[in-house]
Amino acid sequence: MNEFEFIARIRAQAESRGSRSDLVRGIGDDAAVLKQFAGRETVITTDLLVEGVDFNRDTSPPRLLGHKALAVSLSDIAAMGARPRWALCSIGVPPQLWDSSFLDEFYEGLFSLADRYDVKLIGGDVSRAAEKFVVDSIVLGECENQPPVFRSGAKVGDRLFVTGALGAASAGLRLLERGARINKATKDHEWPSIEALLLRQLAPEPRVGWGLVLGQEHLTTAMIDLSDGLSSDLHHLCKESGVGAVVRSASLPVDPLVTELCGRRALDPLMLALHGGEDFELLFTVAPENAKRLPRKVDGIGITEIGEITSKGIRVSEGARVWKLKPEGWKHF
Ligand code: ADP
Ligand code: MG
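What comes next is a walk through the structure. Residue numbers here run from 1 along each chain, matching the order of that chain's written sequence. Chains and ligands are labelled by the order in which they are written, letters from A for the one and numbers from 1 for the other. Since the coordinates come from a predicted model, pLDDT governs what is reported: local features require at least 70, and pairs of side-chain atoms require 80 or more to be given and counted, while whole-chain, interface and lining totals use all residues. Computation of side-chain values: all heavy atoms of the structure, hydrogens and water removed.

1. Points about the overall build of the protein chain
- Secondary structure assignment for the protein chain yields 10 helices and 14 strands.
- Here the protein chain has a C-alpha radius of gyration of 20 Å; the compact-globule value for 333 residues is 20 Å, and the two agree.
- With respect to the three principal axes, the spread of C-alpha positions in the protein chain is 55 × 50 × 40 Å.
- Think of it in three bands: with a 1.4 Å probe and only protein chains considered, a residue is buried below 20% of the maximum accessible area for its type, exposed above 50%, and partly exposed in between. Within the protein chain, the proportion of its 333 residues that are buried is 51%.
- Put simply, of all contacts in the protein chain between residues at least 6 apart along the chain, 82% involve residues at least 24 apart.
- Here the protein chain holds 40 positive side-chain charges and 46 negative ones, and the gap between their average locations is 4 Å. The helix and strand labels rest on DSSP assignments: H or I over at least four residues marks a helix, E over at least two residues marks a strand, and numbering proceeds from the N terminus. With the radius of gyration taken over C-alpha atoms, the globule rule is written as 2.2 Å times the number of residues to the power 0.38. Residue contacts are counted whenever heavy atoms from the two residues lie within 4.5 Å of one another. By the counting scheme adopted, Arg and Lys are positive, Glu and Asp are negative, and His together with the chain ends is not counted. We put the charge of a Lys on NZ, of an Arg on CZ, of an Asp on CG and of a Glu on CD.

2. Here we look at the sheet that holds strand β2 (residues 32–37)
- Two strands qualify as a pair provided DSSP detects at least 2 bridges between them. The strand order across the open sheet formed by six strands is β1-β2-β3-β6-β4-β5, and the pairing between neighbours is mixed. Each of the sheet's edge strands pairs with one partner strand only, and the pair in question is β1 (23–25) and β5 (120–128). If you compare each strand with its neighbour and ignore which way they point, the axes differ by 20° on average.
- One ladder, built from two bridges, connects β1 with β2; its direction is antiparallel. Residue pairing in the sheet places Arg 25 in a bridge with Val 33 of β2.
- Helix axes are fitted only over the stretch in contact, all axes being lines through C-alpha atoms; the angle between N-to-C directions runs from 0 to 180 degrees. Packing of helix α4 (residues 102–116) onto the sheet brings it into contact with β4 (83–93), β5 and β6 (134–144), and relative to β4 it is tilted by some 165°.

3. Describing the coordination of the magnesium ion (ligand 2)
- Surrounding the magnesium ion (ligand 2) are the protein donor atoms Asp 30 (OD), Asp 76 (OD) and Asp 225 (OD), at 2.0 to 2.1 Å.
- In this listing, donors mean N, O and S atoms no farther than 2.8 Å from the metal, or 3.2 Å for Na, K and Ca; water is missing from the atoms, so a site can look incomplete. Within one chain, the residues donating to the magnesium ion (ligand 2) are spaced in sequence as D-x45-D-x148-D. Of this pair, Asp 76 sits in helix α2 (residues 62–78) while Asp 225 sits in strand β8 (residues 222–225), and the two are 149 residues apart along the sequence.
- A residue is classified by how much of its surface remains accessible, and Asp 76, at 8% relative accessible area, is buried.

4. Looking at the pattern of salt bridges
- Between Lys or Arg on one side and Asp or Glu on the other, a salt bridge is scored when a side-chain nitrogen of the former is within 4 Å of a carboxyl oxygen of the latter. Inspection of the entire model under this criterion finds 22 salt bridges.
- Its salt-bridge partner being Asp 30, residue Arg 151 comes within 2.9 Å of it at the nearest N-O pair. Pair noted here: Arg 151 is in the loop between β6 and β7 (159–163) and Asp 30 is in the loop between β1 and β2, with a separation of 121 residues, a long-range link.
- When salt bridges with common partners are traced through the structure, they connect Arg 200, Arg 207, Asp 255, Asp 279 and Glu 281 into a single cluster.

5. Describing the environment of Ser 249
- Here Ser 249 lies in the loop between β9 (244–248) and α9 (256–262).
- The residues touching Ser 249, leaving out its near neighbours within four places in the chain, are Leu 270, Val 316, Ser 317 and Glu 318.

6. What to know about the nonpolar core
- For the purposes of this section, nonpolar cores are sets of buried Ala, Val, Leu, Ile, Met, Phe, Trp, Tyr and Cys residues that join through side-chain atoms within 4.5 Å. Ranked by internal contacts, the top residues of the largest apolar core, which has 32 residues, are Val 43, Leu 70, Ile 91, Phe 106, Phe 133 and Val 135.
- Elements that contribute at least two residues to this core include exactly β3 (40–50), α2, β4, α4, β6 and α7 (208–216).
- Excluding residues within four positions of it along the chain, Val 43 makes contact with Ala 31, Ala 32, Val 33, Ile 77, Met 80, Ala 82, Val 139, Leu 140, Gly 141, Glu 142 and Cys 143.
- One finds Cys 238, Leu 252, Ala 273 and Ile 314 within the second-largest nonpolar core, a separate group that totals 25 residues.

7. Thoughts on the site of ligand 1
- Any residue with at least one heavy atom within 4 Å of a molecule or strand is counted as near it. Near ligand 1 you find Phe 6, Ile 7, Ile 10, Ile 27, Gly 28, Asp 29, Asp 30, Asp 47, Asp 76, Arg 151, Asp 225 and Ser 227, and these make up its full shell.
- Here an oxygen atom of ligand 1 sits 2.8 Å away from a polar atom, N or O, in the main chain of Gly 28.
- One of the side-chain N or O atoms of Arg 151 is found 3.2 Å from an oxygen atom in ligand 1.
- Taking 560 Å² as the accessible area of ligand 1 by itself, protein coverage stands at 65%.
- If you tally residues by element for the shell around ligand 1, the top one is helix α1 (residues 3–16), at three residues.
- The start and end points of each domain follow an automatic or database-based domain assignment. Three or more residues apiece are contributed to the shell around ligand 1 by two domains, here domain 1 (3–144) and domain 2 (151–324). Think of a polar contact as two N or O atoms within 3.5 Å of one another; within protein, one of them needs to be a possible hydrogen donor and the other a possible acceptor, and neighboring residues in sequence only count if both atoms come from side chains. Calculation of accessible area relied on Shrake-Rupley with a 1.4 Å probe; when residues are assessed, cover is drawn exclusively from the protein chains displayed.

Okay, structure coming up:
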């Protein structure tokens with residue numbers, strides 16, 4: 001059983017117990033949606049990061065880890081087209097970190113990202129952990145006078161878009177695995193590019209501005225953030241919508257730094273863009289008549305049309321060749 005089958009089982013158990021009129025959406029999207037009153041909905045998401053699995057303490061400075069812990073949840077709120085408002089953060093702390101500067105730096109990173117979006121930290125919990133640091137961040141957001149954007153709204157013929165660029169976060173992870181470190185600058189002329197890729201892995205920027213614009217302007221039919229990787233997350237979106245998709249590989253916005261650095265390191269940029277996780281870009285679908293209403297940039301970040309929604313099957317077209325896209329992104333089990 002992989003983690004997605006596990007979630008499906010828990011979801012079936014939760015749903016078999018019946019819903020309630022104030023529950024708009026439970027398990028199965030980037031965030032749950034609760035109705036406060038007509039026209040005002042709360043979205044809520046939680047993300048768990050475990051040392052040694054989701055991050056390593058020797059490669060991730062605490063300030064960047066605090067940033068990332070919040071960023072991953074802000075990204076889920078963005079994927080609902082909602083405005084992030086409140087955060088809770090629970091930590092399990094190994095004793096050797098308790099009296100060090102680790103926690104101060106961790107919260108410095110968390111607060112500075114929260115301040116940028118006027119997100120208020122309103123609670124959390126603290127416990128001791130054996131050896132590994134563990135953090136769970138919960139973020140609540142709001143949709144006002146606008147419905148949230150689900151994974152489930154994509155229609156055949158919709159056009160498929162992605163924000164920003166792909167593959168940088170997983171290229172950064174490969175560089176960390178090969179010994180690169182963010183606070184160990186080298187004299188190498190490649191260092192600025194290496195540093196930028198490491199930052200895409202260690203301190204991702206959630207696309208909060210794009211999420212808000214797409215939600216408020218009713219521009220998109222379905223949306224998900226790219227946490228597991230394009231191939232896996234596109235499968236999630238298509239499954240919830242009951243549709244298929246075709247991705248044109250030549251259109252994929254592979255991060256130029258990935259193309260620049262991967263050749264010499266025997267890494268395949270297209271594979272990193274298709275399957276690499278943690279870019280935290282937004283993947284969204286747009287009805288053909290709305291495509292011309294899309295802004296070109298939000299907060300300096302552009303978008304790229306990468307394919308379209310079909311009735312079934314998830315495929316990549318590469319020139320004249322068409323092949324089946326398997327979900328090969330990140331899996332915990
Ligand atoms: P994301 O990558 O967007 O955070 P996940 O794949 O973690 O999404 O989760 C997908 C859905 O499954 C979400 O609705 C999430 O709340 C739910 N989910 C994940 N883990 C659990 C769990 N242990 N119990 C209940 N629901 C879960
Ligand atoms: Mg998500």
